[in-house]
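# Residue-level structural notes
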Amino acid sequence: MSVHPYHKGRIVTVFILLLALLMASFRIVPAQQTAHAGTVPPLLVTELMAYPNDPNEAYEYIEIYNNSSTAMDLVTTNVYLFWDNTQPFSSSKIAALGTIEPYPGSSNAIIGAYKSKVIWLKKKSLSGTAAGSLNGFNTLYGTSLTSDDLVMLQVSGNGLPNGLRRDIALVPAGTDPAVGRIVGATFVGGTDFIRGESVDYYYPIDGSSIMQRKTPDSYHRQPFPGTVDQTQVPLTIPPSGDPPILELVSRKSFDYFWNTANTDPNSPGYGLVPKGITGNNVNTSSTAGVGFGLAALAIGAERGWVSRTDAETRAIGTLNTLLNNVDHEHGFLYHFVNTSTGKRNSEAEASSVDTVRAVSGAIVAGQYFGGTVKQLAQQLYDRVDWQWMRDPVTNQFYKGYRPDTGYGTRWTNSGEQLALYVLAAGSSTHPVSGDMFYGFNRNEGSYGTGPSYIYSWFGSMHTYLYSHAWVDFRNKVDLQGVNWYDNSQKAVQTNRQYSIDMASQYSTYGTNAWGLLAGKGPNGYEGKNGAPPSGSSNTAQQTTGTLPPAGAAAAIVFAPQQSIDAMNHYYNDLPELWGPYGFYDGVNLAVSPAWYADDYSVINVGGPLLMIENYRSGFVWRWFTNNASVQAGMKSIGLSGIQPPADVLNPSVSWGSGSATVSWSEPAETMARSDYTFVNIYRQDGTKAVGPIPQGVTTVTITGLTSGSSYTFKVVRVKNGVESGGVQIAEGQPF
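Since the model is a prediction, treat every value here as computed from it, not as a measurement.

## Some details on the sheet that holds strand E4 (residues 78-82)
The strand order E5-E4-E10-E11 describes an open sheet built from four strands, whose pairing is antiparallel. One side of each edge strand has no neighbouring strand; the edge strands of this open sheet are strand E5 (94-99) and strand E11 (183-188). Mean inter-strand twist for the sheet, computed between neighbouring axes without regard to direction, equals 20°. Sheet topology places E4 next to strand E10 (residues 165-171); five bridges connect them, and they run antiparallel. The partner of Val-79 across the bridge, within E10, is Leu-170.

## Some thoughts on the sheet that holds strand E34 (residues 659-665)
Taken in spatial order, the three strands of this open sheet run E33-E34-E37, and their pairing is antiparallel. Two strands lie at the open edges of the sheet, namely strand E33 (649-656) and strand E37 (699-702), each paired on one side alone. Taking each pair of neighbouring strands and ignoring which way they run, the sheet shows an average axis angle of 20°. Relative to E37, E34 is paired through four bridges, and the arrangement is antiparallel. Bridging across to E37, Thr-661 finds its partner in Thr-701.

## A short note on the confidence of the model for the chain
Across the chain, pLDDT averages 90, with 93% of residues at or above 70. The low-confidence segment residues 1-38 (pLDDT under 50) makes 65 contacts with residues lying over four places distant or belonging to another chain.

## Considering the nonpolar core
In terms of nonpolar packing, the biggest core is built from 174 residues, with Phe-369, Trp-386, Phe-397 and Trp-470 touching the most fellow members. With 16 residues, the next largest nonpolar core counts Val-648, Val-697, Phe-713 and Ile-729 among its residues.

## Describing the pairing of strand E2 (residues 60-66)
Among the seven residues of E2, seven are classified as buried, and the element is accordingly described as predominantly covered. The alternating pattern of E2 places Glu-60, Ile-62, Ile-64 and Asn-66 and Tyr-61, Glu-63 and Tyr-65 on opposite faces, both of which are buried. Summarising the sheet, strand E1 (residues 43-49) and E2 pair through six bridges and their orientation is antiparallel. Along E2, the bridge assignment pairs Leu-48 with Ile-62. As judged from the six bridges shared by E2 and strand E8 (residues 116-123), these two strands associate in the antiparallel manner. If you follow Tyr-61 over to E8, its bridge partner there is Trp-120.

## Some thoughts on the packing of helix H4 (residues 244-260) against helix H14 (residues 602-617)
The geometry of H4 relative to H14 is characterised by a closest axis approach of 9 Å and an angle of 135° between their N-to-C directions. Looking at the two axes, H4 sits oblique to H14. Crossing angle aside, the handedness with which H4 passes H14 is left-handed. Contact with H4, carried on its side by Leu-246, Glu-247, Val-249, Ser-250, Ser-253, Phe-254, Tyr-256 and Phe-257, involves Val-602, Val-605, Gly-606, Leu-609, Ile-612, Tyr-615 and Arg-616 of H14 and no other residues of that element.

The rules behind the values
Residues numbered from 1 in each chain as written. Predicted model: local features only at pLDDT ≥ 70, side-chain atom pairs only at ≥ 80, totals over all residues. Heavy atoms only, no water. Pairing = 2+ DSSP bridges. Helix = DSSP H or I, 4+ residues; strand = E, 2+ residues; numbered from the N terminus. Axes fitted to C-alpha atoms, helices over the stretch in contact; angles between N-to-C directions. pLDDT = per-residue confidence, 0-100. Contact = heavy atoms within 4.5 Å. Core = buried A, V, L, I, M, F, W, Y, C linked by side-chain atoms within 4.5 Å. Buried < 20%, exposed > 50% of the residue type's maximum accessible area, 1.4 Å probe, protein only. Parallel < 35°, antiparallel > 145°, perpendicular 65-115°, else oblique. Left-handed = near helix turned anticlockwise from the far one by under 90°.

In structure tokens form, the structure reads like this:
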């Protein structure tokens, strides 16, 4: 067996990975910390209150976050104030505010790993007076902080200015504050905040030690001392012991999207990703692949594979291309377009499922990056006229449309289109009824003595996998009692068993070689590659001995160990299958000579990348489900939880002038690393008053209420897209 040239470099690759891990163990910021962990400061300023709404301004604070895997003792850390308006952090105009010390009643000033702490600036002039008590602090901000949640900075004079531009810095003892700061932050009174408002900060993405302010997310904030939004700090993935193959496959897959995309800023096709890297594939872009690529940008930024700024810039350019240059029909993108121009390729159809993947990737990128990316992603979503692709006679979606021949076939059976119904039903501009989710045939069958489940026509693995890259179907059933996560898990195990059973006829297959889905083969594209049950008599699938490695790789959330074993087998035993961007698109050992693909299929690169990331951190599920329209779509099609999460505890409300401040406590509940939670608050008519409220925030103010009118709110906790039963708050009236 010849050795593929990329296989020769594997020892070096593995050595570099191991060396990187070894070096990371000697750094303050751990290897598992993502999003430029090596350059983000170990301490972050996440919130600043310089103008508290109390008569003595006794409750100024600086909220900080330990962005390292090691607890830190803050004693002897100094806080400095700079006031040079022309040169930020200039030593020419500087004053020491004080040195951090334990809060009375606490034995230390230690901040735990990945934990927040509140630095309370206590004015010496108020010492011995009633002003400035811990109870007063909690009352003002609606918190329940204890002495262990706080550290103290005893300050002379008036504390933080509230009407000028100033800089603050945390500096170790004995260090020049102008050059040796741990972290710094800027604030401008009257512009960033007014009385009673705070400033939120976000971790620096440029390698500096200066916290970032984002428009509008940083300014005029309701104070939340002691709580940090997950978007303010790098994503921390707990040490997992993940096999090295997962990082390797993920990084190589990301590199495909990063390196092969059109990056010519003057090209109408900027950001478009080619369907492959050889021949005419380079000139053809799959719009579904662009969607996977948009999600890949968010993953790459979070894991620190590229800078967040560069990824965000690429996302903005790509979305502008999709909105302005790529051909479409009523918002439905053509399946294939020219990589340089965005124009429709030959006979390509305006595709419903490929549009779903493009929009889904845009949603993930938009929710993650926020700002302009979020606005453009919403425009792309809002433009799609889902009703236009619906057959009103059958209440089914068409698969596509061509200007010369009209609509094509319909989605009559279960398949790769499940996410279509979520986006279409949740649309804020052109929604369809959620009952369309029940308009396709739900054919049930089994293979051998295996379980019965709803199967797709050709039994191809991708039809059971790629909707799950976006929609988190875990622990949910629809109105007919179908658990689609469980359904795909049964399909994965069946596909694997079929591959094992066919090993005697096709030497490609085996215990660690399974996952039959559409992809390249010795004689071209094999779109019917699959396993029974299939068709009307279990004969629709095609079995040729060809195996795309993406099948087992993308099935990792359904069969983790079996998927990992398969990837290790492909990597260690089939070196010709490994290329510059990970596994090529297929292998067939049953033909002579053995056949190996020399190209990629962008869908089969993106699918494993997203599914592996969901297995490792729940990242794509979290950001996709964070979108309000996605939540509405899941609700409209009738997805509900099998085991709803625990409700919030002790919700209460205090009424203000045209407002209501709702507070609650979070329940003690075991969380897996891929779990995500947030809170929604609903009005009495079932409409959402506010949400999603991120985990850790337990107080929120609802404004715009009518004074004298009665209101009732329900606080609902959401875990992995499943809502709790909710806790209703007693009726009351704002004044």
